[in-house]
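Take a look at the letters that make up each chain.
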Amino acid sequence: MIPRRPSLAGPASRSILVAAILLVWPNPAHAQDDGPGWKVRSPFRPLNLATPTTIRTGAGLPGPDYWQQKVDYRIDATLDPSTHELTGSQTIRYHNNSPHALTVLWLKLDTNLCHEESKSKVLAVPPLLFGESVFDFTCQGGNGMSLGLVAAGGRDLDHEIMGTIARVELPHPLPSGATTEIEIDWTTTLPEYGYGRTGRDGTLYQVAQWYPRVAVFDDVSGWNLAPFLGAGEFYQEFGDFQVAVTVPDNFVMTATGTIVNPDAVLTAEQQSRLARADMSESAVAVITESEARSNRDRRASGTKTWRFAAENVRDFAFAMAPDFRWDASSYDGIRIQTFYRPEAELWEEANRMSWVSIQHFSERLYPYPWPHATTVEGPNDGMEYPMITF
(Lines give C-alpha, C1' and ligand atoms only; values in the text may rest on other atoms or scores of the structure.)
Protein backbone atom coordinates (compact mmCIF):
# COMPACT_ATOMS: atom_id res chain seq x y z
CA MET A 1 0.00 0.00 0.00
CA ILE A 2 1.30 3.42 -0.91
CA PRO A 3 1.46 5.72 2.11
CA ARG A 4 -0.92 8.67 1.97
CA ARG A 5 0.68 12.09 1.59
CA PRO A 6 0.17 14.57 4.44
CA SER A 7 -2.90 16.74 4.04
CA LEU A 8 -2.33 20.31 2.82
CA ALA A 9 -5.70 21.46 3.98
CA GLY A 10 -4.49 23.60 6.89
CA PRO A 11 -3.53 27.30 6.64
CA ALA A 12 0.14 26.66 7.42
CA SER A 13 0.34 23.95 4.79
CA ARG A 14 -1.28 26.22 2.20
CA SER A 15 1.34 28.92 2.99
CA ILE A 16 4.12 26.39 2.42
CA LEU A 17 2.57 25.42 -0.93
CA VAL A 18 2.28 29.04 -2.07
CA ALA A 19 5.90 29.71 -1.08
CA ALA A 20 7.05 26.65 -2.99
CA ILE A 21 5.18 27.76 -6.11
CA LEU A 22 6.70 31.25 -5.91
CA LEU A 23 10.18 29.77 -5.68
CA VAL A 24 9.82 27.92 -8.97
CA TRP A 25 7.58 30.41 -10.82
CA PRO A 26 9.52 32.56 -13.36
CA ASN A 27 10.37 35.99 -12.08
CA PRO A 28 9.25 38.64 -14.62
CA ALA A 29 12.26 40.74 -13.71
CA HIS A 30 14.52 37.99 -14.99
CA ALA A 31 12.28 36.69 -17.79
CA GLN A 32 14.70 37.92 -20.44
CA ASP A 33 17.76 36.24 -18.90
CA ASP A 34 18.37 33.22 -21.11
CA GLY A 35 21.17 31.88 -18.97
CA PRO A 36 24.03 32.80 -16.69
CA GLY A 37 25.78 35.96 -17.83
CA TRP A 38 23.04 37.12 -20.25
CA LYS A 39 21.54 40.46 -19.22
CA VAL A 40 19.50 40.62 -22.43
CA ARG A 41 17.89 37.92 -24.52
CA SER A 42 20.47 35.58 -25.98
CA PRO A 43 21.25 36.18 -29.66
CA PHE A 44 21.46 32.39 -30.01
CA ARG A 45 17.88 31.75 -28.91
CA PRO A 46 15.59 29.96 -31.40
CA LEU A 47 13.90 32.38 -33.79
CA ASN A 48 10.16 32.79 -33.52
CA LEU A 49 9.36 31.97 -37.15
CA ALA A 50 5.92 31.47 -38.65
CA THR A 51 4.63 27.99 -39.34
CA PRO A 52 5.69 27.10 -42.89
CA THR A 53 2.99 26.92 -45.55
CA THR A 54 2.93 26.53 -49.33
CA ILE A 55 2.72 30.35 -49.51
CA ARG A 56 5.73 31.10 -47.28
CA THR A 57 8.49 28.80 -46.11
CA GLY A 58 9.57 28.55 -42.49
CA ALA A 59 12.32 31.09 -43.27
CA GLY A 60 9.77 33.55 -44.65
CA LEU A 61 10.75 33.07 -48.30
CA PRO A 62 8.06 32.80 -51.00
CA GLY A 63 6.73 29.28 -51.37
CA PRO A 64 5.33 27.57 -54.50
CA ASP A 65 1.88 29.16 -53.95
CA TYR A 66 3.12 32.65 -53.10
CA TRP A 67 1.03 35.48 -54.55
CA GLN A 68 1.19 39.25 -54.63
CA GLN A 69 -1.29 41.79 -55.95
CA LYS A 70 -0.47 44.20 -58.78
CA VAL A 71 -1.85 47.72 -59.15
CA ASP A 72 -1.35 49.90 -62.25
CA TYR A 73 -2.08 53.63 -62.36
CA ARG A 74 -2.87 56.10 -65.14
CA ILE A 75 -2.88 59.60 -63.66
CA ASP A 76 -3.55 62.99 -65.25
CA ALA A 77 -2.88 65.85 -62.84
CA THR A 78 -2.65 69.64 -62.99
CA LEU A 79 -0.83 71.85 -60.49
CA ASP A 80 -1.72 75.52 -60.04
CA PRO A 81 1.22 77.18 -58.23
CA SER A 82 -0.88 80.27 -57.43
CA THR A 83 -3.14 78.23 -55.14
CA HIS A 84 -0.93 75.13 -54.67
CA GLU A 85 -3.97 73.09 -55.71
CA LEU A 86 -3.35 69.75 -57.38
CA THR A 87 -6.29 68.21 -59.23
CA GLY A 88 -6.26 64.77 -60.78
CA SER A 89 -8.16 62.09 -62.63
CA GLN A 90 -6.86 58.57 -62.45
CA THR A 91 -7.66 55.04 -63.49
CA ILE A 92 -6.59 52.20 -61.22
CA ARG A 93 -6.24 48.75 -62.76
CA TYR A 94 -6.27 46.18 -59.97
CA HIS A 95 -5.01 42.63 -60.57
CA ASN A 96 -6.38 40.16 -58.01
CA ASN A 97 -3.67 37.52 -57.85
CA SER A 98 -4.88 36.26 -54.47
CA PRO A 99 -6.96 33.08 -54.07
CA HIS A 100 -9.79 35.15 -52.59
CA ALA A 101 -12.73 36.98 -54.16
CA LEU A 102 -12.71 40.64 -53.11
CA THR A 103 -15.83 42.69 -52.50
CA VAL A 104 -14.13 45.99 -51.65
CA LEU A 105 -10.98 47.95 -52.37
CA TRP A 106 -9.36 50.09 -49.71
CA LEU A 107 -7.60 53.34 -50.63
CA LYS A 108 -4.90 55.26 -48.82
CA LEU A 109 -5.37 59.04 -48.78
CA ASP A 110 -2.20 60.18 -47.04
CA THR A 111 -2.80 63.89 -47.70
CA ASN A 112 -5.81 63.68 -45.37
CA LEU A 113 -3.24 63.81 -42.60
CA CYS A 114 -3.43 67.56 -43.28
CA HIS A 115 -7.17 67.72 -42.58
CA GLU A 116 -8.23 69.56 -39.44
CA GLU A 117 -9.95 66.44 -38.11
CA SER A 118 -7.08 64.05 -38.88
CA LYS A 119 -6.05 61.57 -36.20
CA SER A 120 -2.52 62.96 -36.30
CA LYS A 121 -3.70 66.31 -34.95
CA VAL A 122 -5.72 64.55 -32.26
CA LEU A 123 -2.91 62.19 -31.27
CA ALA A 124 -0.20 64.88 -31.59
CA VAL A 125 2.44 62.41 -32.80
CA PRO A 126 5.76 63.64 -31.35
CA PRO A 127 8.76 64.34 -33.58
CA LEU A 128 11.64 61.90 -33.95
CA LEU A 129 15.17 63.11 -33.26
CA PHE A 130 18.06 61.93 -35.44
CA GLY A 131 21.14 63.53 -33.94
CA GLU A 132 20.65 67.22 -34.58
CA SER A 133 17.83 66.66 -37.09
CA VAL A 134 14.17 66.80 -36.09
CA PHE A 135 11.70 64.72 -38.09
CA ASP A 136 8.36 66.47 -37.64
CA PHE A 137 5.11 64.71 -38.58
CA THR A 138 2.78 67.70 -38.55
CA CYS A 139 1.21 69.25 -41.63
CA GLN A 140 1.21 72.96 -42.38
CA GLY A 141 -0.68 74.61 -45.20
CA GLY A 142 -2.68 71.67 -46.57
CA ASN A 143 -6.36 70.82 -46.30
CA GLY A 144 -6.57 67.11 -47.13
CA MET A 145 -8.07 65.41 -50.16
CA SER A 146 -11.60 65.49 -51.54
CA LEU A 147 -12.90 62.77 -53.86
CA GLY A 148 -15.25 63.54 -56.71
CA LEU A 149 -16.01 60.75 -59.12
CA VAL A 150 -15.47 57.21 -57.85
CA ALA A 151 -16.77 54.84 -60.51
CA ALA A 152 -16.31 51.62 -62.44
CA GLY A 153 -17.66 51.03 -65.93
CA GLY A 154 -19.65 54.26 -65.78
CA ARG A 155 -21.31 53.26 -62.51
CA ASP A 156 -20.80 55.30 -59.33
CA LEU A 157 -19.37 53.27 -56.49
CA ASP A 158 -20.37 53.62 -52.85
CA HIS A 159 -17.42 54.75 -50.79
CA GLU A 160 -16.65 56.03 -47.31
CA ILE A 161 -13.66 58.11 -46.23
CA MET A 162 -12.28 57.41 -42.76
CA GLY A 163 -9.34 59.72 -42.17
CA THR A 164 -6.41 58.58 -44.30
CA ILE A 165 -8.18 55.47 -45.65
CA ALA A 166 -11.31 54.99 -47.73
CA ARG A 167 -13.48 51.94 -48.42
CA VAL A 168 -14.79 51.48 -51.97
CA GLU A 169 -17.55 48.95 -52.60
CA LEU A 170 -17.04 47.01 -55.82
CA PRO A 171 -20.13 46.50 -58.04
CA HIS A 172 -19.62 42.73 -57.80
CA PRO A 173 -17.03 40.43 -56.17
CA LEU A 174 -13.69 40.40 -57.99
CA PRO A 175 -12.76 36.74 -58.50
CA SER A 176 -9.30 35.32 -58.05
CA GLY A 177 -7.24 35.93 -61.19
CA ALA A 178 -9.48 38.75 -62.46
CA THR A 179 -8.84 42.46 -62.93
CA THR A 180 -10.99 45.53 -62.49
CA GLU A 181 -10.64 49.24 -63.21
CA ILE A 182 -11.96 52.13 -61.15
CA GLU A 183 -11.88 55.83 -62.01
CA ILE A 184 -11.32 58.52 -59.39
CA ASP A 185 -11.35 62.32 -59.60
CA TRP A 186 -9.74 64.14 -56.69
CA THR A 187 -8.41 67.48 -55.46
CA THR A 188 -5.83 68.32 -52.81
CA THR A 189 -3.85 71.37 -51.73
CA LEU A 190 -0.14 70.71 -51.41
CA PRO A 191 1.09 71.68 -47.95
CA GLU A 192 4.02 73.96 -47.28
CA TYR A 193 5.27 71.26 -44.92
CA GLY A 194 3.80 67.80 -45.16
CA TYR A 195 4.90 65.40 -42.39
CA GLY A 196 8.54 65.37 -43.54
CA ARG A 197 7.72 63.71 -46.85
CA THR A 198 6.21 66.34 -49.13
CA GLY A 199 6.36 70.11 -49.19
CA ARG A 200 7.23 73.32 -50.95
CA ASP A 201 9.74 76.11 -50.51
CA GLY A 202 8.83 79.17 -52.51
CA THR A 203 8.42 77.93 -56.07
CA LEU A 204 10.11 74.56 -55.43
CA TYR A 205 7.83 71.57 -54.90
CA GLN A 206 8.71 68.09 -53.65
CA VAL A 207 5.55 66.03 -54.05
CA ALA A 208 5.07 62.55 -52.58
CA GLN A 209 2.20 60.37 -51.33
CA TRP A 210 -0.11 62.70 -53.23
CA TYR A 211 -2.71 60.57 -55.04
CA PRO A 212 -5.23 57.88 -53.95
CA ARG A 213 -3.29 54.60 -53.65
CA VAL A 214 -4.71 51.12 -53.15
CA ALA A 215 -3.82 49.56 -49.81
CA VAL A 216 -1.86 46.31 -49.73
CA PHE A 217 -3.79 43.03 -49.54
CA ASP A 218 -1.47 40.19 -48.55
CA ASP A 219 -1.48 36.66 -47.13
CA VAL A 220 -0.28 37.79 -43.70
CA SER A 221 -2.71 40.53 -42.68
CA GLY A 222 -5.30 40.70 -45.44
CA TRP A 223 -5.98 44.38 -46.01
CA ASN A 224 -3.29 46.54 -44.40
CA LEU A 225 -5.38 49.38 -43.01
CA ALA A 226 -3.24 51.08 -40.39
CA PRO A 227 -4.01 54.82 -40.59
CA PHE A 228 -1.20 57.04 -41.79
CA LEU A 229 0.08 59.08 -38.85
CA GLY A 230 3.17 60.55 -40.49
CA ALA A 231 5.72 58.38 -38.69
CA GLY A 232 5.03 55.16 -40.62
CA GLU A 233 6.83 54.24 -43.82
CA PHE A 234 4.75 53.33 -46.87
CA TYR A 235 3.93 49.74 -47.86
CA GLN A 236 2.65 49.54 -51.42
CA GLU A 237 1.89 47.03 -54.15
CA PHE A 238 4.12 47.03 -57.23
CA GLY A 239 2.71 48.18 -60.56
CA ASP A 240 3.16 50.21 -63.72
CA PHE A 241 2.59 53.98 -63.86
CA GLN A 242 1.66 56.34 -66.67
CA VAL A 243 1.58 59.84 -65.24
CA ALA A 244 0.96 63.21 -66.90
CA VAL A 245 1.42 66.41 -64.89
CA THR A 246 0.48 69.79 -66.37
CA VAL A 247 2.34 72.79 -64.92
CA PRO A 248 3.28 76.33 -66.03
CA ASP A 249 5.74 76.19 -68.94
CA ASN A 250 8.54 77.91 -67.01
CA PHE A 251 8.84 74.96 -64.56
CA VAL A 252 11.34 72.11 -64.87
CA MET A 253 10.19 68.73 -63.59
CA THR A 254 11.76 65.43 -62.56
CA ALA A 255 10.00 62.33 -61.33
CA THR A 256 9.85 58.59 -60.89
CA GLY A 257 9.99 57.05 -64.37
CA THR A 258 11.33 58.25 -67.70
CA ILE A 259 10.14 61.23 -69.74
CA VAL A 260 8.16 59.89 -72.70
CA ASN A 261 7.62 63.25 -74.46
CA PRO A 262 11.05 64.98 -74.32
CA ASP A 263 10.42 66.96 -77.51
CA ALA A 264 7.44 68.66 -75.86
CA VAL A 265 9.12 69.64 -72.58
CA LEU A 266 12.89 69.92 -73.23
CA THR A 267 14.81 72.19 -75.58
CA ALA A 268 16.99 70.74 -78.32
CA GLU A 269 20.08 71.89 -76.40
CA GLN A 270 18.91 70.17 -73.19
CA GLN A 271 18.31 66.93 -75.08
CA SER A 272 21.77 67.20 -76.66
CA ARG A 273 23.38 67.69 -73.25
CA LEU A 274 21.47 64.70 -71.86
CA ALA A 275 22.75 62.58 -74.71
CA ARG A 276 26.30 63.61 -73.79
CA ALA A 277 25.63 62.89 -70.12
CA ASP A 278 24.44 59.40 -70.96
CA MET A 279 27.96 58.70 -72.28
CA SER A 280 29.85 60.45 -69.47
CA GLU A 281 30.93 59.38 -65.99
CA SER A 282 31.48 63.05 -65.14
CA ALA A 283 28.60 65.47 -64.60
CA VAL A 284 27.28 67.40 -67.60
CA ALA A 285 25.28 70.57 -66.89
CA VAL A 286 21.91 70.07 -68.59
CA ILE A 287 20.75 73.38 -67.11
CA THR A 288 23.59 75.67 -66.04
CA GLU A 289 23.62 78.07 -63.09
CA SER A 290 23.19 81.12 -65.32
CA GLU A 291 20.32 79.46 -67.17
CA ALA A 292 18.64 78.56 -63.88
CA ARG A 293 18.87 82.16 -62.65
CA SER A 294 17.50 83.42 -65.96
CA ASN A 295 14.63 80.93 -65.88
CA ARG A 296 13.73 82.11 -62.38
CA ASP A 297 12.80 85.52 -63.76
CA ARG A 298 10.94 84.23 -66.82
CA ARG A 299 7.17 84.47 -66.64
CA ALA A 300 5.07 81.55 -67.78
CA SER A 301 3.35 82.04 -71.13
CA GLY A 302 1.26 78.85 -70.93
CA THR A 303 1.50 75.31 -69.67
CA LYS A 304 3.42 72.13 -70.40
CA THR A 305 2.39 68.55 -69.78
CA TRP A 306 5.21 66.31 -68.61
CA ARG A 307 4.58 62.62 -69.27
CA PHE A 308 6.38 59.86 -67.39
CA ALA A 309 6.27 56.07 -67.48
CA ALA A 310 7.60 53.64 -64.87
CA GLU A 311 7.39 49.86 -64.70
CA ASN A 312 7.25 47.64 -61.63
CA VAL A 313 7.56 50.32 -58.95
CA ARG A 314 5.75 50.81 -55.66
CA ASP A 315 5.08 54.53 -55.83
CA PHE A 316 5.48 57.71 -57.85
CA ALA A 317 6.90 61.06 -56.67
CA PHE A 318 7.94 64.23 -58.48
CA ALA A 319 9.64 67.58 -57.96
CA MET A 320 9.49 70.84 -59.88
CA ALA A 321 10.85 74.38 -59.83
CA PRO A 322 11.42 77.14 -62.40
CA ASP A 323 15.05 77.64 -61.34
CA PHE A 324 16.51 74.14 -61.12
CA ARG A 325 20.11 73.52 -62.03
CA TRP A 326 20.28 70.05 -63.58
CA ASP A 327 23.44 67.91 -63.67
CA ALA A 328 23.57 64.44 -65.17
CA SER A 329 26.07 61.63 -65.71
CA SER A 330 25.96 57.90 -66.37
CA TYR A 331 26.99 54.72 -64.59
CA ASP A 332 26.56 51.41 -66.39
CA GLY A 333 23.66 52.76 -68.45
CA ILE A 334 21.96 54.38 -65.44
CA ARG A 335 21.38 58.11 -65.64
CA ILE A 336 22.54 59.86 -62.45
CA GLN A 337 20.74 63.19 -61.97
CA THR A 338 20.83 66.01 -59.45
CA PHE A 339 18.45 68.97 -59.34
CA TYR A 340 19.15 71.99 -57.11
CA ARG A 341 18.70 75.73 -56.92
CA PRO A 342 21.54 78.18 -57.72
CA GLU A 343 22.07 79.08 -54.05
CA ALA A 344 22.73 75.43 -53.09
CA GLU A 345 26.41 75.60 -54.03
CA LEU A 346 27.41 72.49 -52.09
CA TRP A 347 25.15 70.51 -54.40
CA GLU A 348 27.67 70.96 -57.20
CA GLU A 349 29.36 67.89 -55.67
CA ALA A 350 26.13 65.91 -55.31
CA ASN A 351 26.18 64.31 -58.74
CA ARG A 352 29.58 62.73 -58.13
CA MET A 353 28.45 61.54 -54.69
CA SER A 354 25.36 59.94 -56.22
CA TRP A 355 27.43 58.32 -58.98
CA VAL A 356 29.85 56.77 -56.47
CA SER A 357 26.97 55.60 -54.26
CA ILE A 358 25.18 53.84 -57.12
CA GLN A 359 28.44 52.25 -58.27
CA HIS A 360 29.37 51.08 -54.75
CA PHE A 361 26.07 49.46 -53.87
CA SER A 362 25.52 48.05 -57.35
CA GLU A 363 28.85 46.25 -57.12
CA ARG A 364 28.62 45.27 -53.45
CA LEU A 365 24.94 44.43 -52.96
CA TYR A 366 22.74 44.30 -56.06
CA PRO A 367 22.72 46.10 -59.43
CA TYR A 368 20.56 49.21 -59.40
CA PRO A 369 17.36 48.12 -61.19
CA TRP A 370 15.93 51.35 -62.66
CA PRO A 371 16.89 53.67 -65.54
CA HIS A 372 17.80 56.70 -63.43
CA ALA A 373 18.75 57.69 -59.89
CA THR A 374 17.73 61.26 -59.14
CA THR A 375 18.35 63.41 -56.06
CA VAL A 376 16.57 66.72 -55.47
CA GLU A 377 17.55 69.53 -53.12
CA GLY A 378 14.69 71.05 -51.16
CA PRO A 379 12.79 71.35 -47.88
CA ASN A 380 12.61 67.64 -47.01
CA ASP A 381 15.45 66.14 -44.99
CA GLY A 382 15.62 62.79 -46.73
CA MET A 383 12.87 60.66 -48.26
CA GLU A 384 13.37 57.91 -50.80
CA TYR A 385 10.94 56.92 -53.54
CA PRO A 386 11.49 54.83 -56.66
CA MET A 387 14.22 56.51 -58.74
CA ILE A 388 13.97 59.81 -56.82
CA THR A 389 15.20 61.01 -53.42
CA PHE A 390 14.36 64.28 -51.66
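Residues numbered from 1 in each chain as written. Predicted model: local features only at pLDDT ≥ 70, side-chain atom pairs only at ≥ 80, totals over all residues. Heavy atoms only, no water.

Draft legend 1. Local environment of the overall build of the chain. Of the regular secondary structure elements, the chain holds six helices and 28 strands. In the chain, buried positions account for 43% of the 390 residues. Across the chain, the fraction of contacts at a sequence separation of at least 24, relative to all contacts at a separation of at least 6, is 74%. In the form shown here, the chain has an accessible surface area of approximately 21000 Å², with 55% of it arising from carbon and sulfur atoms. (Helix = DSSP H or I, 4+ residues; strand = E, 2+ residues; numbered from the N terminus. Buried < 20%, exposed > 50% of the residue type's maximum accessible area, 1.4 Å probe, protein only. Contact = heavy atoms within 4.5 Å. Areas by Shrake-Rupley, 256 points an atom, 1.4 Å probe, with all protein chains shown as cover.)

Draft legend 2. Seen up close, the sheet that holds strand β14 (residues 204-207). Overall, antiparallel pairing links the six strands, which are arranged β6-β12-β13-β14-β23-β19 in an open sheet. Strand pairing shows two members of the sheet lacking a second neighbour, β6 (139-140) and β19 (252-255), which therefore form its edges. As paired elements, strand β12 (residues 193-194) and strand β13 (residues 198-201) share two bridges and run antiparallel to each other. By the bridge assignment, glycine 194 is partnered in β13 with threonine 198. (Pairing = 2+ DSSP bridges.)

Draft legend 3. Spotlight on the packing of aromatic side chains. Tallied over the full model, the rule gives 23 aromatic pairs. For the pair tyrosine 73 and phenylalanine 241, a centre-to-centre distance of 4.9 Å together with 20° between the ring planes defines the contact as stacked. Within this pair, whereas tyrosine 73 is found in strand β1 (residues 70-80), its partner phenylalanine 241 is found in strand β18 (residues 239-248), the two being separated by 168 residues in sequence. Side by side, tyrosine 73 and phenylalanine 241 carry an identical accessibility label, which is buried. Ring centres of phenylalanine 308 and phenylalanine 316 lie 6.2 Å apart, and the angle between their planes is 65°; this geometry places the pair in the edge-to-face category. For phenylalanine 316, a relative accessible area of 0% translates into the label buried. One aromatic cluster is present, built from ring pairs that chain together Tyr73, Trp186, Trp210, Tyr211, Phe241, Trp306, Phe308, Phe316 and Phe318. A cation over an aromatic ring shows up here: arginine 352 above the ring of tryptophan 355, its NZ or CZ 4.5 Å from the ring centre. (Phe/Tyr/Trp six-rings, centres within 6.5 Å; stacked < 30°, edge-to-face > 60°. Lys NZ or Arg CZ within 6 Å of the ring centre and 35° of its normal.)

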